[in-house]
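# Examining the three-dimensional arrangement
Given next are the chains, with one letter for each unit.
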Amino acid sequence: MAPEKKTDPTQPTPPSGPGVPSPVLDEPTTPVAPPAPKPSQEGPATVTPTGAPTGAPPEAFAQQGEYLTTSTGVRLRTTDRALKAGPRGPVLLQDHHLREKITHFDHERIPERVVHARGTGAHGAFVANGNASKICRAAFLKKDVETPIFVRFSTVAGFRGSSDTVRDTRGFATKFYTTEGNYDLVGNNIPVFFIQEGIKFPDIIHAVKPEPDREIPQAQSAHDTFYDFVSLHTEAQAHLAWSMSDRAIPLSFRMMEGFGVHTFRMVNEAGETSLVKFHWKPRQGVHSQVWEETQMTAGLDPDFHRRDLYDAIDAGAYPVWDLGVQVMPDTEDEMFEGIDLLDPTKIVPEELCPVQVIGTMTLNRRPVNFFAETEQVMFNPGHLVPGIDVTNDPLLQVRLFSYIDTQITRLGGPNFSQIPINAPQCPVNDMLRDGFHQHAVHGGVAPYRPNALDGGNPAETGTEEAAFIDVPAPVAGKKVRERPASFEDHFSQATLFVRSLSPVERQHLTAAYTFELGKCYEESVRVRQLQCLANIDAELCAEVARGLGLPAPEPTVPPATDVEPSPALSQVGRTWPVTGRKIALVVDSTTGPADIEAAKDAVTAAGMLPFVVAPSGGKIGDVVVDRTFLTTASVEFDAVLVVDAPVPAPDATPDLDVKAGQPTGGKQVDPRMVKLVAEMFRHSKAIGAGPDATDILTAAVVPTDAPGVVVGKPAEVVKEFTELLATHRVWDRFPVAAPKQ
Ligand code: HDE
C-alpha cells in the first residue's frame, strides 16, 4: 500500500474548478507521498507460477516513500549539484548518483516499432452480448462477460514523432485480457492489405518508408519508391484505392472503423467451425478530415488525434465501438460468393454477408505513463484463446512469426510478456525461464515435462480447454512456391471500392491520386500507375491523367462490368449521433455574458461541446474563454456559431490571406475571425451567425443562403446544427464535377 498523501491541516483548502485561476505555487518543502500506483503499474506477482512467494511487494517497481533515492533506495541530499573537487574544480568520477543518473538517461530510448511507430493507447472494457456463443466457445464472448482491454491506434509509415493527420492506414490493435489468457485482435482501419503474402512485407515497407538516400518524405506515400512498387506489384491496388480515399485521413481515432482484415476460424462448444471477418463499428460515426485540414492540422497540432482521444476520455465522452463479425460457412474451398477468403486483398461486401454485433467496447481510461503502457505494449495476432483460430491466409501465417520476433529487439529480450501492460490477468504457469529482464522468481526445480520432482507441475490441460489446436484439419500438398489462381485478380476489388463511393468521395479520391502521383519525379512511375487506374476505372484514370497532363492509357485487362457497388463502403449518406461534436462559439469582449451562456446551454443541451472563442483569454463576465484566435484554428471544430462579430483587436495578425479588417457596411471585422469562418466554409462545415453577426459572413464571402449556413438566435442555429452535423459535413457545398456524359 502506498502511504496516504499528507496535507497540511493548518492551511485552508484552495478553491478550484473551472474559471478559478491557478494559484502560483512555490515548490513545497514538506515531503508528500507519491501518487498511488494503479494496478497495471504494480510490480510482478508476489507468488511464482508454482505458488512460492517471491518476496516482492506489489508496488516494488513504482514510486514509493516520500524521499528521492537512488535506484537502490539510498536517500539523496541533492540531485542538482555534482560532486566536484572544489566549487570550480572538475567533477569527480566517484559521484555514484551522477553516474547512475546520466547512464540511465543515456539508455532511456528503446527502438521504435519498425512499422506503426507512432501510436496512441487507451484502456477500456469489452462487454459481450452473447451472440457469438453459437459459433465460438471463447469465454470472453459469452453473454454479459466484461473483459478489460487496451487499444493502440497507430499510423504505419511515419516515425514515432511524426504527425497524426498524415495520409496513411491506421493500426487498430486491441488486447483483451480474458480469463483464458490474452487475445489480441491486431487490425487496421482499412479492411484489405497491400500484399497477399507475408514474404512481401519488407518490400512494401521499404518502398513506403522515406527513401534511403535522403530519408524523405516523412510519413508519406507520395513518392517514387512507393508508386514504383505498387504499380509493379499490382495486388497492392485495392489497398491503394482505400489509401487514396478519405478513409486514410480520419477525423479522429474515435471515428474510424476497424477490421481484422484476415479471415479467422471460430469453433463452438460442439466443435463446429465457421469462417469470420472482424469489424469494429464506431458509435461516433465514420468521419474524415478533408485534405486541406490534414495539412493545416499537421502543422498546427501534430498530436491532433492523440489529443482528441484523451480530451474525449477526460471529458467523460467515452468512445464506443461495436464489435461485429461476418460469418461464413467453413467450406473446403474457403470461398464465399466467389471471393477467396484466404486472400487479404479482398473484402466480402456487407450486402452479401451482414456484420453481426457480438459485443461493445468502451475506452474509458488513458494511460498513466505513455512509455510504460503505450510504448511497451506488444500485440501478436498469434495471441489466440480457445474458440478462435487462424486460417491459412499466407499473410496471416507470416505475421504469426513476426510479432514475437520483433519484440526481442524492441523490448530487449524474451520476457516482454511480464511487462505489466502485456501481462495476462489470469494465472500464468509457463516453463519459460531466465533471459534478460526476468522479473519472476520461479520456484521449484523442474521447469520441464514430464517431471516428478515438482509433483508433475505444471499439468497439461485437456483438448477442450486448450487453444491453438481447435481444428485438427488435415493438411496435404506438394511443397511449392505458388499461390491459388484466384489470387491473380488484382483489380476487381479496387473497382468495387471506387464505384461504391459517392461523387464527393470520388472527387477526393481523384484529387489524392493526382496529388500523390504529381509528387513523383519519375514519369515512368506515373505512367505505370495510370495503367493500373485504367484497369480499375476508365473515368478515374482519365481524370487523374488530365490532372497530370498525361494521356490516359487503355486497360490491359477486361473491364469489370459486373461489379455491384457496396453502399456500406461509402462514408457519405448516413446519419450519426452528434454527441461530442465540437462547436466554436465566437464572441467579442463586449458580448453579453448572458448571450454566451444561452449559446453554451443550447449546445450542451444538444449533447455537443461548446468552446468559447474570443480575441483574448480570461473571462467575459463569469464566462471563461476556452480558446483565443491565437490558440485555436478552424480545424478544431465541427461547426462555428458567431454569436457576436468581434471587432479587430490591435494585435490582429495583419498578414492573413483575407483583406484584414475590411470594411463591411462601415464596420471593421476581425480578420482572424474572417479566416476561421472562410476555412470552415471551404471545408463544408456548418456555419451559424447571430442576427448581429452577419458582417463576418459578408467579409468571409459566405452567402447567407448557402447550404449549411444558418442565421438566427443561438437556440435556432443549434437546432439546425444537430441536423447538419448528423451527416458530418454539408456535402452539397463541395463542388462536385458533373458526371461525364
Ligand atoms: Fe503488422 N507488424 N505486420 N500488420 N501490425 C507490426 O509488430 C507484420 C499486418 C499491425 O500497436 C510489428 O510489435 C508483418 C497486417 C498493427 O503495437 C511487426 C506483416 C495488419 C501493428 C509487424 C504485417 C497489421 C503492427 C511492428 C505481413 C492488419 C501495431 C512492431 C506478414 C491486419 C501494433 C510490432 C501495435 C505491428 C509485422 C501485416 C497490423 C514488425 C510481417 C495485415 C496494428 O511485427
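Residues numbered from 1 in each chain as written. Predicted model: local features only at pLDDT ≥ 70, side-chain atom pairs only at ≥ 80, totals over all residues.

What follows concerns the site of the ligand. Near the ligand you find 24 residues, and of these His 116, Gly 171, Gly 198, Val 261 and Ser 402 are the closest. At the level of secondary structure, the elements contributing two or more residues to the shell around the ligand comprise strand S2 (146-155), strand S3 (170-178), strand S4 (181-188) and helix H8 (394-410). The biggest single contributor to the shell around the ligand is H8, with 6 residues. Taken together, the residues of the shell around the ligand break down into 12 nonpolar, 9 polar and 3 charged. (Near = placed C-beta within 6 Å. Helix = DSSP H or I, 4+ residues; strand = E, 2+ residues; numbered from the N terminus. Nonpolar A, V, L, I, M, F, W, Y, C, P; charged D, E, K, R; others polar.)

Here we take up the UniProt feature "binding site: heme" (unreviewed entry) in the protein chain. Sites flagged by UniProt as "binding site: heme" (unreviewed entry) map to Arg 113, Arg 152, Phe 201, Arg 399, Tyr 403 and Arg 410. By the secondary structure assignment, Phe 201 is in helix H2 (residues 201-208). Sequence-distant contacts of Phe 201, defined by excluding residues within four places in its chain, comprise Ile 195 and Val 398. Take Arg 399: it is sitting in helix H8. By C-beta crowding, Arg 399 is classed as partly exposed, having 19 other C-beta atoms within 10 Å. Excluding its chain neighbours within four sequence positions, the residues that come into contact with Arg 399 are Gly 198 and Pro 381. (UniProt positions renumbered as here; feature names shortened; annotations may be inferred. Contact = placed C-beta atoms within 7 Å. Buried ≥ 20, exposed ≤ 12 C-beta atoms within 10 Å, placed from the backbone.)

Right, let's get into the UniProt feature "active site" (unreviewed entry) in the protein chain. Mapped onto the present numbering, the UniProt feature "active site" (unreviewed entry) falls on His 116 and Asn 188. The greatest C-alpha distance among the annotated residues, which extend across 73 residues, is 10.5 Å, indicating that they converge on a single site. Tracing the backbone shows His 116 in the loop between helix H1 (96-106) and strand S1 (119-128). Ignoring any residue separated from it by four or fewer positions in sequence, one finds His 116 in contact with Ser 154, Val 156 and Gly 171. In this structure, Asn 188 sits in strand S4. Every residue in contact with Asn 188, bar those within four places of it in the chain, is listed here: Thr 169, Arg 170, Gly 171, Phe 172, Phe 259 and Val 261.

Here we come to the domain arrangement of the protein chain. How big an interface is tends to be stated in terms of the accessible area lost upon association of its parts. Split by domain assignment, the protein chain resolves into domain 1 (119-418) and domain 2 (582-733). Between the C-alpha centres of domain 1 and domain 2 the distance comes to 37 Å. The interface of domain 1 with domain 2 comprises 8 residues on the first partner and 4 residues on the second. Looking at side-chain class alone, the side of domain 1 that touches domain 2 contains 3 nonpolar, 3 polar and 2 charged residues. (Domains from an automatic or database assignment.)

So, about the packing of helix H3 (residues 224-232) against helix H11 (residues 523-536). Their axes nearest at 9 Å, the elements H3 and H11 cross at an angle of 40 degrees. If you check the angle between H3 and H11, you find them oblique. Judged by the sense of rotation from one axis to the other, the crossing of H3 with H11 is left-handed. Facing Asp 224, Tyr 227, Asp 228 and Ser 231 of H3, the residues of H11 in contact are Val 525, Arg 528, Gln 529 and Cys 532. (Axes fitted to C-alpha atoms, helices over the stretch in contact; angles between N-to-C directions. Parallel < 35°, antiparallel > 145°, perpendicular 65-115°, else oblique. Left-handed = near helix turned anticlockwise from the far one by under 90°.)

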